[in-house]
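A structural walkthrough
Chain by chain, the residues run as shown.
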Amino acid sequence: MITVYDAVGGKLVPRLEPGSLGSAVWIDLLNPAEDEDKTIEQALGIEVPTRSEMREIEASNRFYTENGAYYMTAIILHNSSQDVPMTSVITFILSGPHLITVRYADPRAFPLYVTRAGKGDPACASGPGIMIGLTEMLIEREADLIERVQDQVERMAPIVFGQNGSQNSRDRRLDVLLKTVGKEGDITARAQESAMSIHRLLLYFANAVRERKDDKRIMTRIESANHDITSLMESLRFLSSRTSFLLDATLGMISTEQNQIIKLFSVMAVMLMPPTLVASIYGMNFKYMPELAESWGYPLALVLMFVSGLLPFLYFRKKGWL
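Residues numbered from 1 in each chain as written. Predicted model: local features only at pLDDT ≥ 70, side-chain atom pairs only at ≥ 80, totals over all residues. Heavy atoms only, no water.

Digging into the pattern of salt bridges
For the coordinates displayed, the defined rule picks out 11 salt bridges. Residues Arg103 and Asp28 are paired through a salt bridge, measuring 2.5 Å at the closest nitrogen-oxygen approach. With Arg103 in strand E7 (residues 98-103) and Asp28 in strand E3 (residues 26-30), this pair connects stretches of sequence that are 75 residues apart. Arg103 sits in the buried class, given a relative accessible area of 5%. The exposure class assigned to Asp28 is buried, which follows from its relative accessible area of 3%. The partner of Arg190 in a salt bridge is Asp186, with the nearest N and O atoms 3.0 Å apart. Of this pair, Arg190 and Asp186 both sit in helix H6 (residues 174-212), 4 residues apart, which is roughly one turn of the helix. For Arg190, a relative accessible area of 22% gives the class partly exposed. (Salt bridge = Lys/Arg side-chain N within 4 Å of Asp/Glu carboxyl O. Helix = DSSP H or I, 4+ residues; strand = E, 2+ residues; numbered from the N terminus. Buried < 20%, exposed > 50% of the residue type's maximum accessible area, 1.4 Å probe, protein only.)

Describing the packing of aromatic side chains
Counted by the stated rule, this structure contains 5 aromatic pairs. Ring geometry for Trp26 versus Phe110: centroids 6.1 Å apart, planes at 45°, classification tilted. Residue Trp26 is found in strand E3, and its partner Phe110 is found in helix H4 (residues 109-118); the two are separated by 84 residues along the sequence. When its relative accessible area of 0% is taken as the criterion, Trp26 is described as buried. The class for Phe110 is buried, based on a relative accessible area of 1%. Considering the side-chain rings of Trp26 and Tyr113, the 6.3 Å spacing of their centres and the 65° angle between planes classify their relative orientation as edge-to-face. On the criterion of sequence distance, the pair formed by Trp26 in strand E3 and Tyr113 in helix H4 is long-range, its members being 87 residues apart. Cation over ring: Arg103 sits above Phe110, and NZ or CZ is 4.1 Å from the ring centre. (Phe/Tyr/Trp six-rings, centres within 6.5 Å; stacked < 30°, edge-to-face > 60°. Lys NZ or Arg CZ within 6 Å of the ring centre and 35° of its normal.)

Have a look at this one:
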């Protein structure tokens with residue numbers, strides 16, 4: 001799908017029909033078909049990367065210049081409001097006064113920026129101005145996600161170490177905690193990948209703005225955005241180490257709990273050995289066993305079994321093994 005935007009009176013206005021692409025300030029390609037790619041290529045004289053080309057991991061395939069157009073591809077988080085956000089690649093192409101975006105996902109940042117620029121944004125009159133506006137919105141959305149993960153980690157830490165008195169609740173179950181910590185760790189890793197990708201994009205974007213001699217105010221905003229994404233990367237490094245610590249702690253507690261169970265069974269087995277020995281002796285049914293013929297023989301056997309089990313129990317309690 002092709003969506004074309006014009007800058008009218010300091011506002012970003014979408015066209016109802018694509019019309020002539022030469023006067024457009026922003027051309028947004030969402031899940032483009034092959035014929036739509038060719039339409040853009042013929043109208044603007046640029047190459048539109050395919051989905052497989054956008055997913056190349058080499059820096060030379062993500063940031064390059066071709067026929068005067070600057071190509072920049074970044075990994076972006078989307079569906080951040082869901083339990084597990086997804087990642088996708090988006091390519092920004094600066095060609096003359098135009099910005100072309102090629103994407104196969106619909107991050108919430110795009111409609112939010114369109115709404116904001118539709119109310120008025122002088123920078124939306126140029127492709128670089130729109131690109132920095134989109135990048136700022138993407139960073140803002142990622143910051144919201146990081147804040148959500150931080151809140152979740154802060155709630156998990158007391159539960160993991162039993163500091164909130166919820167030892168018997170379902171939330172304290174170690175299998176539930178392990179899944180929760182693992183999920184937050186996965187989200188953090190995805191956010192780190194996206195933040196590093198945006199950081200690289202901003203560095204190349206700044207170089208493109210300098211070479212194109214665009215408005216210096218764009219460069220100021222790029223530097224500010226770069227500072228923001230750097231601070232987010234520092235927060236993500238802390239979150240990554242924190243989730244790794246919680247994961248190790250949860251695994252350690254699972255191991256400790258298993259050892260406690262095994263120890264309990266071992267102690268119980270040792271406690272029951274003397275009573276079992278007494279029961280085995282009086283269960284041999286030899287002909288000449290004086291106690292069998294006495295009325296106090298049965299109570300005596302019961303008392304011996306009780307005492308032989310009680311003594312190991314008291315000994316283990318004294319040692320702190322129970």
